[in-house]
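Results of the structural survey
What follows is the residue order along each chain.
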Amino acid sequence: MTIDDIKRILVVGAGQMGAQIAMQAALHGYAVTLNDLSMEIVEKGMKGNRVQLEKRVAKGQMAQAQMDAAIGRIRLEPDLEKAARDADFVIEAIVERLEPKRELFSRLDSFCPPHAILVSNSSTLMISQIAPATKRPAQCANMHWFYPPLVMRLVEVVKGKDTSEETAQLVAELTRKIGREPVILRKELPGFLVNRILRALGREAYYLLEQGVASFADIDKAVELGLNHPMGPFKLADFSGLDIGYNARLETYEITKDPSDLPPKALETRVKRGDLGRKTGRGFYDYSSTPPTPTPD
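A brief report on the enclosed structure follows. Being a predicted model, the structure only gives us computed values, none of them experimental. (Residues numbered from 1 in each chain as written. Predicted model: local features only at pLDDT ≥ 70, side-chain atom pairs only at ≥ 80, totals over all residues. Heavy atoms only, no water.)

**Quick look at the overall build of the protein**
For clarity, the threshold we go by: Strands here mean DSSP runs of E at least two residues long; helices mean DSSP runs of H or I at least four residues long; both are numbered from the N terminus. Our radius of gyration is a C-alpha quantity, and the globule rule it is checked against amounts to 2.2 Å times the number of residues to the power 0.38. Burial classification: accessible surface area is computed with a 1.4 Å probe over protein chains only, and a residue below 20% of its type maximum counts as buried, one above 50% as exposed, and the rest as partly exposed. Two residues qualify as a contact provided that any one of their heavy atoms is within 4.5 Å of a heavy atom in the partner residue. Only four residue types enter the charge count: Lys and Arg as positive, Asp and Glu as negative, with His and the chain ends excluded. Positions of charges follow a simple convention, taking NZ of Lys, CZ of Arg, CG of Asp or CD of Glu.
Regarding its fold elements, the protein presents 12 helices and 10 strands. For 297 residues, the compact-globule estimate of 2.2 N^0.38 gives 19 Å, and the protein sits close to it at 20 Å. Across its three principal axes, the protein shows a C-alpha extent of roughly 55 × 45 × 35 Å. Taking all 297 residues of the protein together, the buried fraction comes to 48%. When contacts within the protein are restricted to residue pairs at least 6 apart in sequence, long-range pairs at least 24 apart make up 63% of them. With 40 positive and 39 negative side-chain charges, the protein shows a spacing of 2 Å between the two charge centroids.

Spelled out as structure tokens, the structure:
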């Protein structure tokens, strides 16, 4: 299969990641199907996309006609079998747990045309853990986007042990066609590139916090002003969702059994009380005030 054979992209999972990935592909001319468990969920995802594009129109960054055309390229289909029938390329963006992903890939394998490429947006689970649920492991890869997909330019393309070179190159080429920049990892490992580097920084930040060296707010300030990062590690964790980081650490620990990969206490405390970051209004910071204020453990 060549890049010209990809006519329709299916995105499974209409949360903020999946919905925006679908929108990014549609903005670059692709016919897209967006799938989730119900029409209510996919419509909610598209509502969020409309809000983002309306901001661009208001700022003169996009014409109303361009917005309408892009939205018109997205078909909403909650029935997975119907959604998969004409898919040439599938991007999975569901919950970050192995068994649901394996089950989904098995179903996609039976529903999709034989030529279809199946990729996972997982940030921690490796495609070699998921692809054996299909009869096409050579056509499976990781295609890891960064949040928010409508803004962040990088996509990590990760080869599993059975991923063909043709598949990896095709995923990278499609990434460029939809306005994003790929990096190809020829050896898979938990966390890939960016998250491993970020986790190393985060691990040291949590260590400094737990040792009482400085408050998390001062650690954030030091990283922002000293390293010129736009957000410190704790603000970034809030932005991404504390539950995402928590579950990713648990998944990594299941693979490595290294105690250092377990979630830090300050993270676990907040997740268990339901403070998941910006999306719940509280995490390491309380977002009911401007500027946000640090929260106690």
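**What to know about the sheet that holds strand E7 (residues 154–158)**
Just so we agree on the cut-off: Pairing between strands is defined by DSSP: at least two bridges between them are needed. Lines are fitted to the C-alpha atoms to define the axes, a helix being fitted only along its stretch in contact, and any angle between axes, read from their N-to-C directions, falls within 0 to 180 degrees.
The eight strands are arranged E3-E2-E1-E4-E5-E6-E7-E8 in an open sheet whose pairing can be described as mixed. Only two strands of the sheet have a single partner each, and these edge strands are strand E3 (74–76) and strand E8 (181–185). Geometrically, the sheet is characterised by an average inter-axis angle of 25° between neighbouring strands, direction not taken into account. Of the pairings in the sheet, the one linking strand E4 (residues 89–92) to strand E5 (residues 117–120) comprises four bridges and is parallel in character. Within E5, the position partnered with phenylalanine 89 by the bridge is isoleucine 117. Running over the sheet, helix H7 (residues 165–177) touches strand E1 (8–12), E4, E5, strand E6 (140–145), E7 and E8 and is turned about 160° from E8.

**Structural notes on helix H10 (residues 233–240)**
For clarity, the threshold we go by: The arc in question is formed by the directions pointing from the helix axis toward the C-beta atoms.
Restricting attention to buried positions, one finds in H10 the residues Pro233, Phe234, Ala237 and Asp238. Buried residues in H10, looked at end-on, bunch into an arc of 145°, giving them a common side. On its buried face, H10 sits against helix H8 (194–210), helix H9 (216–226), helix H11 (242–256) and strand E9 (285–286). Positioned one or two residues after H10, glycine 241 has a phi angle of 110°, which is positive.

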